Amino acid sequence: LDINGDGVVSREELQQFVISSGMAELDDKEFDILFDSIDTDHNGELSFDEIMSYFNSLHRSIMEESAALFASYLECGTDEEVAALWSKLDINGDGVVSHEELSQFISSEIAGFASEESDLLHKAIDTNGDGVISYAEFESYLQSLRTSHHFFNHGFLCVPNCH
């Protein structure tokens, strides 16, 4: 990000990074909103701390959205409905959920969920790091949501009779 090596990221450097990485297609107004949301001290430059704070908050938001998605099944879903969720995730029916399957499922269920966000979610659920999510890992993730009481109900995929 810090192209010129001066220890901070300028507006131009961030814009060049966003464009070259293909992360998003932002018009000037949208880019200004992005930059200003990261530049918390409003000095026109992004420090390492500001960038890390932004990405950490983005990561928390991603995890909360995914928790909301799955927690609605836990709060009011039967075992059969949780199994149905697994079936929706395991698109090709091979018994595991690949990164591509999770990404496809999430992008169809949550508007604006970027591929980077599904990467983070996949890594969080794939606890053994083999690149796929097993049903046991999925159940463990759902159980961790239940025991940590992260029941965010934003209406994502709420099962019948949930409300």
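Calculation criteria
- Residues numbered from 1 in each chain as written.
- Predicted model: local features only at pLDDT ≥ 70, side-chain atom pairs only at ≥ 80, totals over all residues.
- Heavy atoms only, no water.
- Core = buried A, V, L, I, M, F, W, Y, C linked by side-chain atoms within 4.5 Å.
- Buried < 20%, exposed > 50% of the residue type's maximum accessible area, 1.4 Å probe, protein only.
- Helix = DSSP H or I, 4+ residues; strand = E, 2+ residues; numbered from the N terminus.
- Contact = heavy atoms within 4.5 Å.
- Phe/Tyr/Trp six-rings, centres within 6.5 Å; stacked < 30°, edge-to-face > 60°.
- Arc of directions from axis to C-beta.
- Polar contact = N/O pair within 3.5 Å; in protein donor to acceptor, adjacent residues only side chain to side chain.

**Student:** Tell me about the nonpolar core, and please be specific about residues and values.
**Tutor:** Core analysis: the largest hydrophobic core is formed by 14 residues, its most contacted members being Leu89, Val97, Leu102, Leu121, Ile133 and Phe138. Secondary-structure elements contributing two or more residues to this core are helix H4 (79-89), helix H5 (99-109), helix H6 (115-125) and helix H7 (135-147). The biggest single contributor to this core is H4, with four residues. Excluding its chain neighbours within four sequence positions, the residues that come into contact with Leu102 are Leu89, Val97, Ser118, Leu121, His122 and Ile133. Core analysis: the next-biggest nonpolar cluster, separate from the first, contains nine residues, Phe31, Leu34, Ile38 and Ile51 among them.

**Student:** Any details on unusual backbone geometry? Residues and values, ideally.
**Tutor:** The backbone of His42 sits at a positive phi, close to 55°, despite the residue not being glycine. You can see His42 is positioned in the loop between helix H2 (28-38) and strand S2 (45-46). Assessed through its relative accessible area of 62%, His42 is described here as exposed.

**Student:** Could you give me a rundown of the packing of aromatic side chains, with the residues and numbers involved?
**Tutor:** Both the distance between ring centres and the angle between the ring planes are used here to describe each pair of aromatic rings. Overall, the coordinates contain five aromatic pairs when judged by the stated rule. An angle of 35° between the planes, with centres 6.3 Å apart, marks the rings of Phe31 and Phe35 as tilted. You can see Phe31 and its partner Phe35 sitting in helix H2, four residues apart, about one turn around the helix. We classify Phe31 as buried; its relative accessible area is 3%. In this structure Phe35 comes out as buried when scored by relative accessible area, which is 0%. With centroids separated by 5.1 Å and ring planes inclined at 85°, the aromatic side chains of Trp86 and Tyr135 adopt a geometry described as edge-to-face. With a gap of 49 residues between them, Trp86 in helix H4 and Tyr135 in helix H7 connect regions that are remote in the sequence.

**Student:** Provide a residue-level description of H2, including the pertinent values.
**Tutor:** When H2 is considered as a whole, its buried residues turn out to be Phe31, Leu34, Phe35 and Ile38. One side of H2 carries all its buried residues, which in axial view fall inside an arc of 95°. H2 presents Lys29 and Ile33 as exposed residues on the side facing more than 90 degrees away from its buried surface. Two or three places before Lys29, at the opening of H2, Asp27 has a side-chain oxygen 3.1 Å from that residue's backbone nitrogen.

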